[in-house]
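As a plain string of letters, each chain reads:
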Amino acid sequence: LLMLGTLWLGVTLFNFTKSPYLDSTKRVLLADYALPCSVILFTFVGSYLVKDIKSPKIETTEKEDYFNIPDIAGLSVAGWFVAFAMGFCLSILFFIDQNISASFVNNPKNNLKKGTAYHLDLLVLAAINTILSLFALPWIHGALPHSPLHVRALAEFEERMQQGVMTDVVVKVHETRLTSILANALIGISIFLFPEPIEWIPIPVLNGVLLYVAAVSLVGNEFFERLLLWVTEQSAYPPNHYVRHVTQKKIHLFTFLQVLELALLCGLGFAPLSYLKMVFPVALGAYMPIRHLLFPKIFEQRYLDALDGH
């Protein structure tokens, strides 16, 4: 119930801009801080109002020094090779995830004015993660769906009629580095919030946060929109670009193949064997030649351009 409550309140406040209540400034403020409000409220509910009901909490361990370099030289030769293999797989994952995140952020629909910096981003990311690796600290990268949601939080929207449908169009994005710097600074400061108040947060509330991030990221996702077409009458299809240029059979086949790919990734990602999870980045990387070599044999190029051209 805590998980579903966190999800429900977060999504409700996120969509509060479409409600007639309060003025526009307060609606936008509530929508921007939907997740913190939801987490604080249901953490209070889980930790105090229903404290007699035991629920799992976030477990933490205290560490006196975060900047001790581990004894890497003490590893055996086999340990070095295992570490190399695992690092290589994670590097593939970070390379793909970083570029996918950047591609979503630099989507022409976002109307960004500043240019892209794919190579520079990877260079900075590699330098930072090299330093973090020396101290056995977690790596960082441009994560999905957080990065596109960050751009959305900085965007100004306007409702416009497009192809007979009212849609939210990005008219301006406040392009600044300050928000990223502040966000990462707050993440660093969160070290001093251990063990309390971080340990007050119930695990179901944390799961609700993850569900919220997943649910909000579905807004404007074409894969999710094409999934809905499976249960939508053809006469009620939205006038999207690919619907007007691709046959219904090809749209459903393209979506079905993507579902199979997603199911394989989920199987590897949720596998109980930890070493099997390391195959996840390799499988993700293998999808690139499948997309560029196999898909053109199944679909005409004009269909691929309409479905996946951007």
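Model, not experiment: these values are computed from the prediction.

## Points about the overall build of the protein
Thought 1: Looking only at helices and strands, the protein features 14 helices and 2 strands.
Thought 2: Oriented by its inertia axes, the alpha-carbon framework of the protein measures out at about 60 × 55 × 40 Å.
Thought 3: Residue burial in the protein is summarised as follows: out of 310 residues, 26% are buried.
Thought 4: Contacts in the protein between residues at least 24 apart in sequence constitute 65% of all its contacts with a sequence separation of at least 6.
Thought 5: Accessible surface for the protein amounts to roughly 20,900 Å². Of this, 69% is attributable to carbon and sulfur atoms.

## Here's the deal with the side chain of Ser19
Thought 1: Tracing the sequence through the fold places Ser19 in the loop between helix 1 (2-14) and helix 2 (24-32).
Thought 2: Within polar-contact distance, the side chain of Ser19 engages the backbone oxygen of Phe16 at 2.7 Å.

## Details of the side chain of Arg226
Thought 1: Checked against the element boundaries, Arg226 lands in helix 9 (residues 222-228).
Thought 2: Buried within the structure, Arg226 lacks any salt-bridge partner; its nearest side chain of opposite charge belongs to Glu222, at an N-O separation of 5.0 Å.
Thought 3: When neighbours within four sequence positions are excluded, Arg226 is seen to be in contact with Tyr242, Ile251, Phe254, Thr255, Gln258 and Leu307.

## Overview of helix 8 (residues 203-217)
Thought 1: Its 15 residues place the ends of helix 8 21 Å apart at the C-alpha level, agreeing with the 21 Å of an ideal helix rising 1.5 Å per residue.
Thought 2: Taken together, the buried positions of helix 8 are occupied by Val205, Gly208, Val209, Tyr212, Val213 and Val216. Looking down the long axis of helix 8, one finds its buried residues gathered within 140° of arc, a one-sided arrangement.

## Description of the layout of surface pockets
Thought 1: If you add up the space inside the second largest pocket, you get close to 420 Å³.
Thought 2: For the lining of the second largest pocket, the leading source of residues is helix 4 (residues 77-105), giving 7 residues.
Thought 3: Of the residues assigned to the lining of the second largest pocket, the class counts are 10 nonpolar, 2 polar and 1 charged.

## Some words on the packing of helix 1 against helix 8
Thought 1: Direction vectors running N to C along helix 1 and helix 8 enclose 40°, while the axes themselves pass 7 Å from each other. Relative to helix 8, the crossing made by helix 1 is right-handed. When helix 1 is examined against helix 8, the residues Leu2, Met3, Thr6, Leu7, Gly10, Val11 and Phe14 are found in contact with a partner set consisting of Pro204, Val205, Asn207, Gly208, Val209, Leu211, Tyr212, Ala215 and Val216.
Thought 2: Looking at the contact of helix 1 with helix 8 residue by residue, the classes come out as 12 nonpolar, 4 polar and no charged.

## Some words on a nonpolar patch on the surface
Thought 1: A surface patch of nonpolar side chains, amounting to about 640 Å² of accessible area, comprises Trp230, Val231, Leu253, Phe256, Leu260, Leu294 and Ile298.
Thought 2: Every element with two or more residues in the nonpolar patch is listed here: helix 11 (248-269) and helix 13 (280-298).
Thought 3: With 3 residues, helix 11 is the largest single contributor of residues to the nonpolar patch.
Thought 4: Tracing the sequence through the fold places Leu260 in helix 11.

## Considering the packing of aromatic side chains
Thought 1: The final tally for this structure, using the stated rule, is 7 aromatic pairs.
Thought 2: With centroids separated by 5.7 Å and ring planes inclined at 80°, the aromatic side chains of Phe254 and Phe295 adopt a geometry described as edge-to-face. Of this pair, Phe254 sits in helix 11 while Phe295 sits in helix 13; the two residues are 41 residues apart in sequence, bridging distant segments of the chain. Phe295 shares its class with Phe254; the two are buried.
Thought 3: An aromatic cluster of three or more residues is present, and its members are Phe254, Phe295 and Phe299.

Rules behind the numbers
- Residues numbered from 1 in each chain as written.
- Predicted model: local features only at pLDDT ≥ 70, side-chain atom pairs only at ≥ 80, totals over all residues.
- Heavy atoms only, no water.
- Helix = DSSP H or I, 4+ residues; strand = E, 2+ residues; numbered from the N terminus.
- Buried < 20%, exposed > 50% of the residue type's maximum accessible area, 1.4 Å probe, protein only.
- Contact = heavy atoms within 4.5 Å.
- Areas by Shrake-Rupley, 256 points an atom, 1.4 Å probe, with all protein chains shown as cover.
- Polar contact = N/O pair within 3.5 Å; in protein donor to acceptor, adjacent residues only side chain to side chain.
- Lys, Arg positive; Asp, Glu negative; His and termini not counted.
- Salt bridge = Lys/Arg side-chain N within 4 Å of Asp/Glu carboxyl O.
- Expected span 1.5 Å × (residues − 1).
- Arc of directions from axis to C-beta.
- 1 Å grid on protein atoms, 1.4 Å probe; cavity = no way out; pocket = protein on both sides within 12 Å on 5 of 7 lines; lining within 4 Å.
- Points joined across faces, edges and corners; volume = space filled by probe spheres on them.
- Nonpolar A, V, L, I, M, F, W, Y, C, P; charged D, E, K, R; others polar.
- Axes fitted to C-alpha atoms, helices over the stretch in contact; angles between N-to-C directions.
- Left-handed = near helix turned anticlockwise from the far one by under 90°.
- Patch = residues over 30% accessible without salt bridge, like charges linked within 9 Å, V, L, I, M, F, W, Y side chains within 5 Å.
- Phe/Tyr/Trp six-rings, centres within 6.5 Å; stacked < 30°, edge-to-face > 60°.

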